[in-house]
Amino acid sequence: MLTPTTHTLEKLETLLKSAGYKVRYEKGNFKTGACLLQNSQMIVVNKFSNIESKIRSVAELIRQLEIDARHLDDKQLAFYHQIKQTELQL
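Report on the accompanying structure. (Residues numbered from 1 in each chain as written. Predicted model: local features only at pLDDT ≥ 70, side-chain atom pairs only at ≥ 80, totals over all residues. Heavy atoms only, no water.)

Re the overall build of the protein
When its secondary structure is counted, the protein shows 3 helices and 3 strands. Reading the protein from its N terminus to its C terminus gives the helix and strand order α-β-β-β-α-α. For the protein, the spread of C-alpha atoms along the principal axes amounts to about 35 × 30 × 20 Å. Going through the 90 residues of the protein one by one, you find that 38% of them count as buried. Long-range contacts, defined here as pairs at least 24 residues apart, represent 48% of the contacts in the protein between residues at least 6 apart. Of the roughly 6,000 Å² that the protein leaves accessible, carbon and sulfur atoms contribute 48%. (Helix = DSSP H or I, 4+ residues; strand = E, 2+ residues; numbered from the N terminus. Buried < 20%, exposed > 50% of the residue type's maximum accessible area, 1.4 Å probe, protein only. Contact = heavy atoms within 4.5 Å. Areas by Shrake-Rupley, 256 points an atom, 1.4 Å probe, with all protein chains shown as cover.)

Written out as structure tokens, the structure reads:
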């Protein structure tokens, strides 16, 4: 389970950035806390969501993505596998 802290959110952002994705915080009328723009590597996170919702949304997107492990260092790869194997508690 991911702890709802700013540090966890930063780790998720770093993982995505290392994999070639851009993360932006914008206002929006999202049904979820984040979305992946089609045909681009841009993830938009609702900046008005609370930290727990941001983490849950970004982690769920990461679980759906197929990230090339060659772009990640050992710690990021371990974190990525942890996210992929862990069911998020909603």
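Points about the nonpolar core
Leu16, Ile62 and Ile67 are the most contacted members of the largest nonpolar core, which has 22 residues in total. Elements supplying a minimum of two residues to this core: α1 (6-18), β3 (42-46), α2 (51-64) and α3 (74-85). For this core, the element with the highest residue contribution is α2, accounting for 5 residues. Excluding its chain neighbours within four sequence positions, the residues that come into contact with Leu16 are Tyr21, Val23, Ile43, Val58, Ile62, Leu65 and Ile67. (Core = buried A, V, L, I, M, F, W, Y, C linked by side-chain atoms within 4.5 Å.)

Here we look at the sheet that holds β3
Spatially, the 3 strands line up as an open sheet ordered β1-β3-β2, and their pairing is mixed. Since the sheet does not close on itself, it has two edges, and those belong to β1 (22-26) and β2 (34-36), each with one partner. Direction aside, the axes of adjacent strands within the sheet are offset by 20° on average. Of the strand pairs in this sheet, β1 and β3 are connected by 5 bridges, and their pairing is parallel. Directly across from Tyr25, in β3, lies its bridge partner Val45. Set on the sheet, α2 makes contact with β1, β2 and β3; between it and β2 the angle comes to about 20°. (Pairing = 2+ DSSP bridges. Axes fitted to C-alpha atoms, helices over the stretch in contact; angles between N-to-C directions.)

Distances and angles like these do not, on their own, reveal function.
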